Amino acid sequence: MPTHHDRICGAVLASALGDAFGAPYEGGVLEQLLWRILGRQQGKRRWTDDTQMSVDVIESLLACKRVDQDDLAQRFAQSYRWSRGYGPGAAKLLKRIRQGEPWQVAHRAIYANGSFGNGGAMRAAPLGLFYGAAQREQLVQAVQAATRITHAHPVGLDGAVLIAVSVALVSQGASAPEIFKQVRLSLETVDMLNRLAVAKQLLLPTLSPAPPQLVARELGNGIRAKDSCVTALYIGLALREAPFSGLLSYTRAVGGDTDTIGAMAGAIWGAACGYRQLPEKLLQELEQRQYLERLARRFAEAVVQMDGQGSGPSSEGI
Ligand code: F2R
Ligand code: MG
Ligand code: MG
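Note that the coordinates shown come from a computational prediction; the quantities given were computed from them, not determined experimentally. (Residues numbered from 1 in each chain as written. Chains lettered and ligands numbered in written order. Predicted model: local features only at pLDDT ≥ 70, side-chain atom pairs only at ≥ 80, totals over all residues. Heavy atoms only, no water.)

### Regarding the overall build of the protein
- Of regular secondary structure, the protein possesses 17 helices and 2 strands.
- Computed over the C-alpha atoms, the radius of gyration of the protein is 17 Å, within 12% of the 20 Å expected from 2.2 N^0.38 for a compact globule of 318 residues.
- Based on the C-alpha atoms only, the size of the protein along its principal axes is roughly 50 × 50 × 40 Å.
- Split into buried and exposed, the 318 residues of the protein put 57% on the buried side.
- In the protein, 74% of the contacts between residues at least 6 apart in sequence involve partners at least 24 apart.
- Accessible surface, the protein: about 13100 Å² in total, of which carbon and sulfur atoms supply 51%.
- With 34 positive and 29 negative side-chain charges, the protein shows a spacing of 3 Å between the two charge centroids. (Helix = DSSP H or I, 4+ residues; strand = E, 2+ residues; numbered from the N terminus. Rg over C-alpha atoms; globule rule 2.2 N^0.38 Å. Buried < 20%, exposed > 50% of the residue type's maximum accessible area, 1.4 Å probe, protein only. Contact = heavy atoms within 4.5 Å. Areas by Shrake-Rupley, 256 points an atom, 1.4 Å probe, with all protein chains shown as cover. Lys, Arg positive; Asp, Glu negative; His and termini not counted. Charge placed at Lys NZ, Arg CZ, Asp CG, Glu CD.)

In structure tokens, the structure reads:
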């Protein structure tokens with residue numbers, strides 16, 4: 001049984017691997033051609049916006065001990081690089097923040113109702129790990145606050161809540177029926193609830209993976225939160241007893257937004273199985289492996305210490 005520390009490191013590293021190994025298959029022909037040029041960094045697998053923004057979240061939580069929206073907004077904006085393949089709306093929004101526009105203005109400047117892309121969900125796993133021992137309401141509130149900076153649409157928010165709550169519960173060893181129940185109680189949009197109901201029907205009778213094409217058709221595989229977050233939850237739960245390489249090949253077969261589905265499903269797998277179960281061969285290929293591992297260990301130590309003291313994340317602010 002992995003320790004809590006190992007599960008936290010596993011979630012962070014498996015998410016980065018899911019992103020880096022999914023990225024060459026994301027999107028259409030043009031995106032894949034571009035990634036053939038950009039996708040290697042000194043011979044290593046380059047990770048994308050999914051991992052960069054997750055790193056920003058972890059660094060911010062370590063520095064502030066809670067969700068600090070202004071700190072997060074600045075980190076997102078300063079670390080933005082076009083070559084990490086950000087979503088089109090997110091790229092414009094982050095450039096506006098970098099130029100000094102308050103995030104409270106920028107987050108509705110591109111889409112008046114906010115973004116419903118999966119860019120909030122793809123970076124939500126660390127929030128689930130950090131707030132895992134808190135009451136569900138506190139976790140949901142913290143995730144919504146962290147997500148609203150770039151993804152103010154209710155479906156964008158729900159996608160992040162779904163991933164964070166799932167990762168929190170998986171890291172505590174919860175069963176699949178309990179995870180579906182708690183996630184359902186945390187969601188607010190019909191779009192996401194409908195998808196969740198389909199995933200539960202697909203998974204619970206057998207707990208074994210359905211054909212990937214069926215999953216893509218029924219749960220989606222696109223860049224919108226409603227077309228990818230439930231898919232990732234399904235993959236993470238259905239494949240959590242399979243080797244990590246099985247999760248990667250299944251995600252590739254589902255297709256579409258493979259880096260983001262891989263990152264989110266990877267976080268769930270890692271929270272279940274732990275860092276020690278990750279294949280060394282894949283870790284050796286990962287860009288900035290040492291940096292990510294050090295960061296994951298620092299984060300895990302902080303969370304384990306906080307939980308051990310029963311102090312929990314600060315409830316000042318969020
Ligand atoms: N950017 C990419 N991949 C390249 C494009 C892939 C391909 N064209 C495809 O469609 O599959 N990957 C990265 O972007 C995703 C995260 O995006 P994020 O941060 O959510 O960006 P954005 O721009 O806010 O939303 C994504 C798209 O969703 C549509 N959309 C969102 N809100 C909308 C609204 N309120 N009204 C209308 N449309 C809305 C737009 O098409 C946005 O561009 C991840 O996959 C990451 O890996
Ligand atoms: Mg990406
Ligand atoms: Mg993506």
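Now that the structure has been shown, the text picks up again.
### As for the coordination of the magnesium ion (ligand 3)
- Coordination of the magnesium ion (ligand 3) by the protein involves E26 (OE), D257 (OD), D259 (OD) and T260 (OG1), with metal-donor separations of 2.0 to 2.3 Å.
- Coordination at the magnesium ion (ligand 3) comes from 6 donor atoms whose angles at the metal span 79 to 177°, giving a geometry best classed as octahedral.
- When the donors of the magnesium ion (ligand 3) are listed by position in the chain, the intervening gaps give E-x230-D-x1-D-T. (Donors = N, O, S within 2.8 Å, 3.2 Å for Na, K, Ca; no water. Tetrahedral: all angles 85-135°; square planar, octahedral: opposite > 155°, others 65-115°.)

### Structural notes on the coordination of the magnesium ion (ligand 2)
- The coordination sphere of the magnesium ion (ligand 2) contains the protein donors T48 (OG1), D49 (OD), D50 (OD) and D259 (OD), at a distance range of 2.0 to 2.3 Å.
- Of note, the donors binding the magnesium ion (ligand 2) are all from one chain and are spaced T-D-D-x208-D.
- Separating the magnesium ion (ligand 2) and the magnesium ion (ligand 3) is a distance of 3.6 Å, and D259 donates to both of them. Residue T48 is found in the loop between β2 (44–45) and α3 (49–64), and its partner D259 is found in helix α15 (residues 258–273); the two are separated by 211 residues along the sequence. Neither residue differs from the other here; T48 and D259 are each classed as buried.

### Digging into a positive patch on the surface
- Residues R81, K92, K95 and R98 make up a contiguous surface patch of positive charge.
- If you trace the backbone, R98 turns up in helix α5 (residues 88–98).
- Residue R98 is classed as partly exposed on the basis of its relative accessible area of 37%. (Patch = residues over 30% accessible without salt bridge, like charges linked within 9 Å, V, L, I, M, F, W, Y side chains within 5 Å. Salt bridge = Lys/Arg side-chain N within 4 Å of Asp/Glu carboxyl O.)

Note that every value here comes from positions in space, so none of it alone points to a role or purpose.
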